[in-house]
Amino acid sequence: MSFISFIGCAVDRHEPLRRKVKWDGKHYVGECRHCSAAILRVGHRKWRKRED
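Rules of the game
- Residues numbered from 1 in each chain as written.
- Predicted model: local features only at pLDDT ≥ 70, side-chain atom pairs only at ≥ 80, totals over all residues.
- Heavy atoms only, no water.
- Helix = DSSP H or I, 4+ residues; strand = E, 2+ residues; numbered from the N terminus.
- Pairing = 2+ DSSP bridges.
- Buried < 20%, exposed > 50% of the residue type's maximum accessible area, 1.4 Å probe, protein only.

Caption draft 1: Expanded view of the environment of His-44. Of note, His-44 is situated in the loop between β3 (38-43) and β4 (46-49). In this structure the C-alpha to C-alpha distance between His-44 and Gly-25, which are 19 residues apart in sequence, comes to 17 Å.

Caption draft 2: Fine view of the sheet that holds β4. Read across the open sheet, the four strands follow the order β1-β2-β3-β4; overall the sheet is antiparallel. Both edges of this open sheet fall to β1 (22-23) and β4, since each of them pairs with a single strand only.

Caption draft 3: Spatial organisation of unusual backbone geometry. You will see that Asp-12, though not glycine, has its phi angle at about 65°, which is positive. Along the chain, Asp-12 turns up in the loop between α1 (3-10) and β1. By relative accessible area, which is 28% here, Asp-12 ends up partly exposed. At Arg-45, a residue that is not glycine, the phi angle is positive and equals roughly 60°. Structurally, Arg-45 can be placed in the loop between β3 and β4.

And the structure:
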């Protein structure tokens with residue numbers, strides 16, 4: 001993981017692993033490519049950490 005990616009994840013700006021993104025019936029959910037956190041799409045190219 002690069003230092004820039006670490007900063008993005010630290011401020012809750014994640015990037016998904018595209019092959020693991022799924023539609024759960026309400027939202028797109030996936031896994032962050034840098035920190036492996038469970039993430040949720042909140043807008044176009046905007047991903048945040050899931051709370052559940």
